[in-house]
Amino acid sequence: ELRLLRTAIDISIDGHYAMMRGARPGMKEYELEALIEYTFKRKGAEDVGYPSIVGSSYNACILHYTANRRATKMNDLVLADCGAEYHGYTADITRTFPLSGRFTKEQRLLYNVVLEAQDSGIAASVVGAPFRAPHRAAQTVIARRLMELGIIDTLEHVSRYFMHGTSHYLGLDVHDPGTGGPLRANSVITVEPGIYIPEGSPCDRRWWNIGIRIEDDILITSAGPVNLSERLVRTADEIEAIVGKAP
Ligand code: GLY
Ligand code: MN
Ligand code: MN
């Protein structure tokens, strides 16, 4: 099972690279979707594991947005949550990137919060930890950082901008069934914190229309968490270095 899942993940990583490298401002969301899904098929995936989510600007703030029809603009962030299905097994990977190839100051600040939250969630993905441990770790980081940035007034308000769980099991189904009990060796879970600030939110308008999620697929082992999607660049600098760089 792990061999097949790793193949689904490897194909998905190649697809995310093709999309980020081929991205240009002004492209329609469905053009970006086509770049990634073309690569999935070309690399032997039979299908997508779930409808691709390619949301730019305010669409990145809509969870499970799949219309993918908008024309992107220069300073947009694109949130791409796309996974290939291979021999029945599905990957589940999200990257968020600036179409221009440069994060704005606000985008980069929030991106680094999500990245820190994800690192913290991955570190908490250890054998024996409660299933919710990665979520609690990620949520704690986001709450504290949003307070520091003046985006929320109390820690409890974190759920206004981070309104979903951090982890689910992954395998034959993108949301695979599982016990929800303490984490066990050889389980695979996602770690996928996010921040979503739609227009009109009760914070400074400079944060509006920023939606960011970073999602990787984590194998639980007795030697600690293994990021199966680690080959896909994740830091802001690494992403800036590849977006739009296709010949
Ligand atoms: N792609 C669906 C999810 O991240 O849960
Ligand atoms: Mn997921
Ligand atoms: Mn996902």
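None of the values given here were measured: they were computed from a predicted structure. (Residues numbered from 1 in each chain as written. Chains lettered and ligands numbered in written order. Predicted model: local features only at pLDDT ≥ 70, side-chain atom pairs only at ≥ 80, totals over all residues. Heavy atoms only, no water.)

**Side note on the packing of aromatic side chains**
What counts here: The pairing test for Phe, Tyr and Trp rings, Trp by its six-membered ring, is centres within 6.5 Å, and the orientation test on the planes gives stacked under 30 degrees, edge-to-face over 60, and tilted for anything in between. Exposed residues in this analysis have more than 50% of their type's maximum accessible area, buried residues have under 20%, and partly exposed residues fall in between, with area computed by a 1.4 Å probe over protein chains only.
Under the definition given, this model contains two aromatic pairs. Ring geometry for Phe 103 against Tyr 111: centres 5.0 Å apart, planes inclined by 50°, an arrangement best described as tilted. On the basis of relative accessibility, which here comes to 9%, the residue Phe 103 falls in the buried class.

**Some points on the sheet that holds strand β10 (residues 216–219)**
Sheet strands line up and pair through hydrogen bonds in the backbone, either parallel or antiparallel. Stated precisely, the cut-off is as follows: Strand pairing follows a simple DSSP-based rule, namely that at least 2 bridges must link the two strands. Strands are runs of DSSP state E lasting at least two residues, helices are runs of H or I lasting at least four, and both sets are numbered from the N terminus onward.
With antiparallel pairing, the three strands of this open sheet are ordered in space as β7-β10-β11. With one partner strand each, in any of the chains shown, β7 (188–191) and β11 (226–227) form the two edges of the open sheet. Bridge count for β10 against β11 is two bridges, and the pairing is antiparallel. Within β11, the position partnered with Leu 219 by the bridge is Val 226.

**Quick word on the site of ligand 1**
Put simply, the test is: For each residue, the test is whether any non-hydrogen atom lies within 4 Å of the molecule or strand; if one does, the residue is near. What qualifies as a polar contact is a pair of N or O atoms within 3.5 Å, subject to a donor-acceptor requirement within protein and to the restriction that residues adjacent in sequence count only when both atoms come from side chains. All accessibility values rest on the Shrake-Rupley procedure with a 1.4 Å probe; residue burial counts only the protein chains present in the view. The residue classification treats Ala, Val, Leu, Ile, Met, Phe, Trp, Tyr, Cys and Pro as nonpolar and Asp, Glu, Lys and Arg as charged. All others, Gly included, are polar.
In the vicinity of ligand 1, the contacting residues are Tyr 50, Asp 81, Asp 92, His 168, His 175, Glu 192 and Glu 215. Between ligand 1 and Asp 81, the relevant distance is 3.0 Å, taken from a nitrogen atom to a side-chain nitrogen or oxygen of the residue. Measuring from an oxygen atom of ligand 1, one finds a side-chain N or O atom of Glu 192 at 3.0 Å. Computed on the free molecule, ligand 1 has an accessible area of 200 Å², of which 92% lies beneath the protein chains in the complex. Among the residues making up the shell around ligand 1, the classes are represented as one nonpolar, two polar and four charged.

**Observations regarding the coordination of the manganese ion (ligand 3)**
Note the following rule: For Na, K and Ca the donor cutoff is 3.2 Å, while for all other metals N, O and S atoms count as donors only within 2.8 Å; water does not appear among the atoms, so some sites may look incomplete. Every angle between 85 and 135 degrees makes a four-donor site tetrahedral, while opposite donors more than 155 degrees apart, with all other angles between 65 and 115, make a four-donor site square planar and a six-donor site octahedral; other sites are irregular.
In the first shell of the manganese ion (ligand 3), the protein supplies Asp 81 (OD), Asp 81 (OD), Asp 92 (OD) and Glu 215 (OE), at 2.1 to 2.3 Å from the metal. Seen from the manganese ion (ligand 3), its six donor atoms lie at angles of 58 to 171°, and the figure they make is irregular. The sequence pattern formed by the donor residues of the manganese ion (ligand 3) is D-x10-D-x122-E. Taken as an interatomic distance, the gap from the manganese ion (ligand 3) to the manganese ion (ligand 2) is 3.3 Å; Asp 92 donates to each of them. Linking Asp 81 in strand β3 (residues 77–82) with Asp 92 in the loop between β5 (89–90) and β6 (93–98), this pair joins segments that are 11 residues apart in sequence. The same class applies to Asp 81 as to Asp 92, namely buried.

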